[in-house]
Amino acid sequence: MSIGMVYALLGAALSTILAGIGSAFGVRAAGQAAAGVTAENPEMFAKVLVLQLLPGTQGIYGLLVTFIALSRIGVLGGNAVTDTNTGLLYLIACLPVAVVGLISAIYQGKTAIASINLVAKKPDQFGKAMLFPAMVETYAILALLVSILAVTNIG
């Protein structure tokens, strides 16, 4: 296995690992708030569940970039990476979704907590409450697009 392949695999792995860690933290934090609200008012379950799940999307984005990178570097049937420069390009291309996914999922979890608290006090404000964590999601989507464009344009 070449050092280029190692770099490419590292980039692919970081996409899933870092974005997944961020999602786990965000979903955990929002889940704790959602459980508290549901304990007090079981009818709020569906609304707070939706808010709790939002930080989980970054992990999905990281996994998507990982699959695309693995298919392009030869692990899932693409052309094998043979040189160091190409491997480094894959590593760098995977970093936006990895790093932004990590950070934005954590902060989206915190924003989801605030929205869960809003919905607990004013259930009729669910639509507005959804907008706050969705704004954080915007940056994860931008990072996803950058990583996909970068990975698919290597070589």
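First things first, this report covers the structure right here in the doc. (Residues numbered from 1 in each chain as written. Predicted model: local features only at pLDDT ≥ 70, side-chain atom pairs only at ≥ 80, totals over all residues. Heavy atoms only, no water.)

A short note on the overall build of the chain
Broken down by element type, the chain carries five helices and zero strands. Along the chain direction, N to C, the helices and strands of the chain fall in the order α-α-α-α-α. Each principal axis of the C-alpha atoms in the chain carries an extent, and together these give about 60 × 20 × 20 Å. Residues classed as buried in the chain amount to 39% of the 155 residues present. Counting contacts in the chain only where the partners sit at least 6 residues apart, residues at least 24 apart contribute 83% of the total. When the accessible surface of the chain is split by element, carbon and sulfur atoms take 72% of a total near 7,800 Å². Taking the 7 positively charged and 5 negatively charged side chains of the chain as two groups, their mean positions are separated by 6 Å. (Helix = DSSP H or I, 4+ residues; strand = E, 2+ residues; numbered from the N terminus. Buried < 20%, exposed > 50% of the residue type's maximum accessible area, 1.4 Å probe, protein only. Contact = heavy atoms within 4.5 Å. Areas by Shrake-Rupley, 256 points an atom, 1.4 Å probe, with all protein chains shown as cover. Lys, Arg positive; Asp, Glu negative; His and termini not counted. Charge placed at Lys NZ, Arg CZ, Asp CG, Glu CD.)

A short note on the packing of helix α2 (residues 45-53) against helix α5 (residues 126-152)
A packed helix pair is summarised by two numbers, namely the angle formed by the two axes and the spacing between the axes. Running from amino to carboxyl end, α2 crosses α5 at an angle of 15 degrees, the nearest separation of the two axes being 10 Å. What the angle tells us is that α2 and α5 run roughly parallel. You can see that α2 and α5 cross each other, and the crossing is right-handed. For the pair α2 and α5, the contacting residues are Lys47, Val50 and Leu51 in the first and Phe126, Ala129, Met130 and Pro133 in the second. Looking at the contact of α2 with α5 residue by residue, the classes come out as six nonpolar, no polar and one charged. (Axes fitted to C-alpha atoms, helices over the stretch in contact; angles between N-to-C directions. Parallel < 35°, antiparallel > 145°, perpendicular 65-115°, else oblique. Left-handed = near helix turned anticlockwise from the far one by under 90°. Nonpolar A, V, L, I, M, F, W, Y, C, P; charged D, E, K, R; others polar.)

Some words on helix α1 (residues 3-40)
End to end, α1 covers 55 Å across 38 residues, agreeing with the expected 56 Å (1.5 Å per residue, within 8%). By the largest-angle criterion, Leu14 marks the main kink of α1, which is about 25 degrees. (Expected span 1.5 Å × (residues − 1). Bend = angle between axes of the 7 residues up to and from the residue.)

A short note on helix α3 (residues 57-73)
The end-to-end C-alpha distance of α3, which contains 17 residues, comes to 24 Å, matching closely the 24 Å that a straight helix rising 1.5 Å per residue would cover. Among the residues making up α3, those that are buried are Gln58, Gly59, Tyr61, Gly62, Val65, Thr66, Ile68, Ala69, Leu70 and Ile73. Turning to α3, the residues buried within the fold contact α1, α4 (84-121) and α5. Note on α3: the residue one or two positions beyond its end, Gly74, has a positive phi of about 110 degrees.

A few points about the environment of Ala93
Residue position: Ala93 is located in helix α4. For the pair Ala93 and Ala8, spaced 85 residues apart in sequence, the C-alpha separation works out to 9.3 Å. Look past the residues within four positions of Ala93 in its chain and what remains in contact with it is Ser147, Ala150, Val151 and Ile154.

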